[in-house]
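# Tertiary structure, described
Letter by letter, the chains look like this.
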Amino acid sequence: MRNKNFIIIMTVIVSALCLYYLSFSYVAGTVQKDAEAYGTDAQGNVDLAKKQSYLDSVWKEPVYNFLGAEYTYQEVKENELGLGLDLRGGMHVVLEVSPVEIIKSLSGNSKDPNFLKALARAQELQKNSQEKFTTLFAEAYREVDPNGRLSRIFSNTANRGKISYESSNADVIKVIDQEVEDAIERSFNILRTRIDKFGVNQPNIQRLKGSGRIQIELPGIDNPDRVRKLLQGMANLEFWEVWTPEEFSPYFGQLDAHLSQQEKAGNLNLGTTASKKAPADTASQTTVQDAASDDVLAQAAATPDSGAVASADKPKADSAAGLDSLAMNQSSVLSRLFTQMPGGIGASTRDTARINDIFARPDVRAIFPPNMKFLWGVKPLVGENRQEFVEFYAIKKGRDGKAPMTGEAVNDARQDFDQNGRPEINMTMTPAGAKRWAKLTGDNVGRQVAIVLDNYVYSAPVVQGEITGGNSSISGNFEIEEAKDLANILKAGKMPAPTRIVEEAIVGPSLGQEAISQGLLSTLAGLLVVVIFMIAYYRTGGFIANLALVFNVFFILGILAQFNAALTLPGIAGIVLTLGMAVDANVLIFERMREEAAKGLSLRDVINKGYEKAFTTILDANATTFLAGFILYYFGSGPVKGFAITMMLGIVTSFFTSVYISRLLIERNFNRAGKLSFSSSFTDKMFANVKFDVMKWKKASYAFSLSIIAFGLIAMAIKGPNLGIDFKGGRSYIVQFDDAVPASDVRGALLDNFEEEGTEVKTFGASNRLKVITSYLADDESTTADDQVKTALLQGLDEYKNLNPEILSSSKVGATMADDIQKTALISLVLALAGIFIYVMFRFSNWQFSLGGVVALLHDALMIIAIFAILDLFGISYEMDQIFIAAVLTIVGFSINDTVVIFDRVREYMNDNPRLHVREIINPALINTFSRTIITSFTVFMVVLVLFIFGGEILRGFSLAMMIGILFGVYSSLFIAAPIVVDTMKKKPEPTPAPAKPVAQTHKA
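Residues numbered from 1 in each chain as written. Predicted model: local features only at pLDDT ≥ 70, side-chain atom pairs only at ≥ 80, totals over all residues. Heavy atoms only, no water.

Each helix and strand counted, the protein chain has 33 helices and 26 strands in total. Sorting the 1005 residues of the protein chain into buried and exposed places 55% on the buried side. Across the protein chain, contacts joining residues at least 24 apart in sequence account for 76% of those joining residues at least 6 apart. On the protein chain, roughly 43900 Å² of surface is accessible, and the fraction owed to carbon and sulfur atoms is 55%. (Helix = DSSP H or I, 4+ residues; strand = E, 2+ residues; numbered from the N terminus. Buried < 20%, exposed > 50% of the residue type's maximum accessible area, 1.4 Å probe, protein only. Contact = heavy atoms within 4.5 Å. Areas by Shrake-Rupley, 256 points an atom, 1.4 Å probe, with all protein chains shown as cover.)

What follows is about the sheet that holds strand β21 (residues 499–507). Strand order in the open sheet formed by eight strands is β5-β6-β4-β21-β26-β23-β25-β24, with antiparallel pairing between adjacent strands. At either margin of the open sheet sits one strand with a lone partner, and together these are β5 (204–207) and β24 (759–764). The mean inter-strand angle of the sheet, taken between neighbouring strand axes irrespective of direction, is 20 degrees. As judged from the six bridges shared by β24 and strand β25 (residues 766–774), these two strands associate in the antiparallel manner. Bridged to F764 within β25 is A766. Its contacts with the sheet put helix α10 (residues 224–232) on β4 (90–97), β6 (213–219) and β21, and the angle it makes with β21 is roughly 155 degrees. (Pairing = 2+ DSSP bridges. Axes fitted to C-alpha atoms, helices over the stretch in contact; angles between N-to-C directions.)

Now for the confidence of the model for the protein chain. Mean pLDDT over the protein chain stands at 78; residues scoring 70 or higher make up 86%. Segment residues 293–322: pLDDT under 50, and 97 contacts once partners within four positions in sequence are set aside and those in other chains are kept. (pLDDT = per-residue confidence, 0-100.)

Attention now moves to the pattern of salt bridges. Scanning all chains against the criterion turns up 18 salt bridges. R361 is the partner of D363 in a salt bridge, and the nearest nitrogen-oxygen pair spans 3.0 Å. Judged by its relative accessible area of 27%, D363 is partly exposed. Between K719 and D872 there is a salt bridge; the shortest N-O distance is 3.7 Å. With K719 in helix α24 (residues 698–719) and D872 in helix α29 (residues 847–873), the pair connects residues that are 153 residues apart, well separated along the chain. For D872, a relative accessible area of 7% translates into the label buried. Residues joined in a network through salt bridges with shared partners are R592, R905 and E908. (Salt bridge = Lys/Arg side-chain N within 4 Å of Asp/Glu carboxyl O.)

Let's shift gears to the nonpolar core. Counting 131 residues, the largest nonpolar core has F849, F868 and V906 as its most contacted members. With residues near it in sequence (within four places) discarded, F849 still touches V840, F844, F903, V906, M910, V981 and M985. V97, F133, F137 and I216 belong to the second-largest nonpolar core, a separate cluster that totals 42 residues. (Core = buried A, V, L, I, M, F, W, Y, C linked by side-chain atoms within 4.5 Å.)

What follows deals with helix α30 (residues 882–912). A rise of 1.5 Å per residue sets the reference length of α30, with its 31 residues, at 45 Å; its end C-alpha atoms lie 45 Å apart and thus fit the reference within 8%. Extensive coverage of α30 is indicated by the burial of 27 of its 31 residues. (Expected span 1.5 Å × (residues − 1).)

So, on to the packing of aromatic side chains. If you walk through the whole model with that rule in mind, you get 40 aromatic pairs. Ring centres of F252 and F368 lie 5.8 Å apart, and the angle between their planes is 70 degrees; on these two criteria the pair is classed as edge-to-face. Of the two residues, F252 is situated in helix α11 (residues 245–264) and F368 in the loop between α15 (362–365) and β11 (372–377); the sequence distance between them amounts to 116 residues. Side by side, F252 and F368 carry an identical accessibility label, which is buried. (Phe/Tyr/Trp six-rings, centres within 6.5 Å; stacked < 30°, edge-to-face > 60°.)

The interhelical angle for the contact between α30 and helix α31 (residues 918–928), taken along N-to-C directions, is 130 degrees, at an axis separation of 9 Å. Considering the angle they form, α30 stands oblique to α31. α30 and α31 meet at a crossing whose hand is right-handed. Along its contact with α30, which presents I902, R905, V906, Y909 and M910, the element α31 presents V918, I921, I922, P924, A925, L926 and N928. The residue makeup of the contact of α30 with α31, split by class, is 10 nonpolar, one polar and one charged. (Parallel < 35°, antiparallel > 145°, perpendicular 65-115°, else oblique. Left-handed = near helix turned anticlockwise from the far one by under 90°. Nonpolar A, V, L, I, M, F, W, Y, C, P; charged D, E, K, R; others polar.)

Turning our eyes to something else, we now look at helix α21 (residues 603–635). If you check α21, its first and last C-alpha atoms are 47 Å apart, about what 33 residues at 1.5 Å a residue would give, namely 48 Å. For α21, the principal kink sits at F615 and spans about 35 degrees. (Bend = angle between axes of the 7 residues up to and from the residue.)

This part takes up the pairing of strand β1 (residues 62–66). Both β1 and strand β2 (residues 69–72) contribute to a ladder of four bridges, which runs antiparallel. The partner of F66 across the bridge, within β2, is A69. Counted along the chain from β1 to the antiparallel partner β2, the turn is two residues long, and its residue L67 has a positive phi close to 50 degrees.

Time to look at the pairing of strand β26 (residues 806–813). By the criterion of burial, β26 is predominantly enclosed, with six of the eight residues buried. As defined by bridge partners, β21 adjoins β26 across five bridges and the pair is classed as antiparallel. Bridging across to β26, A505 finds its partner in S811. Here seven bridges tie strand β23 (residues 730–736) to β26, and the two strands are oriented antiparallel to one another. Bridging from a neighbouring strand, Q736 pairs with E806 of β26.

Bringing a nonpolar patch on the surface into the picture now. A cluster of nonpolar side chains, contributed by F626, F630, Y633, Y634, I645 and V652, occupies part of the molecular surface with about 530 Å² of accessible area. When residues of the nonpolar patch are traced back to their parent elements, those giving at least two are α21 and α22 (639–673). Here the element with the most residues in the nonpolar patch is α21; it accounts for four residues. Relative to the helices and strands, V652 is located in helix α22. Judged by relative accessible area, V652 falls into the partly exposed class, the value being 47%. (Patch = residues over 30% accessible without salt bridge, like charges linked within 9 Å, V, L, I, M, F, W, Y side chains within 5 Å.)

In structure tokens:
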């Protein structure tokens, strides 16, 4: 074996990394057990509040030491192998930023009739198009007013410098495109900050490529209404005056004395607070100046930006007991909570919750004047020992309690560079805003003005002089990305960019725990099936293949942990499926070995030849399956993405373990024992006398396939496709009762409340659990409609209140989202077929092979759809949803895997016998790969059968589609793909008689 040492080194490195990253999951589990033990009383009851209190107390504390590096519980949780919402419970949301409102705002809310018609027309076009909304708007405007000029609508004060009266329509659309993109990015940043401050463990937020949508996953959420308000609320940008430390420190002296008394009286327990090693002065100075002048502003202190604001009503108190005492008197209460920072005071992020509780107390609020409130800086700074600190700002409220200026005053903000090439932010105000800005800066010369979004201070630059004209620049030691982010924040209040929820899923923790149990059981059962079969069939070789399989699963989990990917229920399905598909490479290798052994070669040559001859076939087979997985990942979302990631990762790791690690193990076993068994007398005879002629059965096969597909299409026409809400839109709920309830009775009870709209009710996994799907108010994606549908559901279930109906989970897919999912599903299927066609043609240099393979794949996909429709006609109903499409595309990858193995043997025989026509080669090639086809398909089928039985209701449709696909995948490889290659390949002219190499008739792979 070449590069043996390299393979060993790689295996050791990858194993070490996997162990390192999986160790975080072990430590996290240990801390969870400790928390549960802490919260459990003598009777064995768990106090959840007490358990959570323990976890909160260690959140910022070191709990893991690895080779001298300490990790806090927060860092451990961030690095552990996370669980998806379907396993853990929580909330999945897809938000869409409305481009319509952005375009209206840019137009100054124009009432131009052609403009309004074009907007309405673009919204109609969007329902059946994947194009950007701005492109559709341009097309619609040309349709409504062919000679119209958009510059007449968009040339206004707000767009000065970007759009002029002479701008072309293309220029206007370009500006609109940029503004929409900025609004999406701005919404993304705002939502990310809100979620970070929401306190959710391991949240996931990402932009969905090619759309104005943002996907958010929040594990463990138990208050969906609060989340909806949080995500859909408009950004609240404000500009506030700031109290100087000298002005508010006397109040802190009074607070310190008061808290000391409370602590002595036993009314205050601070516990252990963080070490006060604040970050050093980074000399990061932020100033704001008139962009039209050379006046330089006063320098701010360190990051976060700090400065001073004038204050009336200065309290009479000893300043020695104020801010400075925090640094000098280490025994004071406040010194244990706050720390000196270069620009004022701050606190460790570990202590912010404790400080918030203290400042919320009525007795504490009474110490401070009514026009003083406190806000935290948004961006933490890292001090010694990787502790994080945030600035604490004293904000001065106006007489009415409102900010002197809000985001509506900002016309535009953008990242630029100053004369020295350093990043800065240029900000322009509206005419009315320029007046307010001049007053605010004029009143605060030499003091700070805080830029606040959603009650967090993003920056607080110091003003040197009054800024008139409305043009300002904010400069400092910004990174480019920081300057861009601040510019986006300043634009947050300028333009309405409302978000709406177009897809939502809520999974209760009990359902998640059940999914964990089902996933673990199905994985172990699937692994057991593979282990038993491989040992029984291949003896010692099978045992070694099983060791490689264990490495495979270990690598999958370890690499998922390294990339901070979450393990989902479909992801577990991907692992289970990988167990079956990983066997394929070993089967190919062992069958090749048996072929070479039959030629009388030495055992060492048998091992070498077996791996060498199987390598190309394994590579081609895995590449085609990986291609299908990549397309699934690119176009899928949510659970489909999780499945695709695991499947692609499993293909890569199974290739490495099956081809390289198994060879290391086999050679080591051979060198040690001097022998190796990979068959038995029984298995040697199993496929020895297989004989068939596929061309003889081709017409019958074509007729059988066409009749099944036609029957399925007729069944679908009669009853309609059983589409899940992914494809048709609507809302679904999983409802559990104390006892079994007939689904038909519940449907009858709900119809009146759902105003006779389409409603399905069916048993879901257990006789006392139902899934309710309704299209009632499906076109209304508002939270009001969500509440209305849920209220209607609860009213309909009221007659079953003695059975305590409980909603375990819910999901919503908006009409536009459902339309897009349908299109992406179709596109992904077409692209998978096209990609495989090109790959096979490239590898085999014959379009006939590509045609045969793709027709067989299309046949398999149609067979699955047809049989689902036939089953539905006879009352066995399974939804066609995103998971179903994942199954179809997986079968596309698996089926071409089988077909490529056959084609590879056909190509080998054609090269060895160039004078023979493919018709004379096809049968021997099929017979010699028959054992591999049956063994691999049988193994994968058994694994998927285990998934069907133990995987739970969510994966039942997926596993049924897989089982159908495996059966027909074998059938199509033999009786569809092969005959098509023969029928489309031209017959060669009669060759000059010459002896041809004999084609072996023994079983081979």
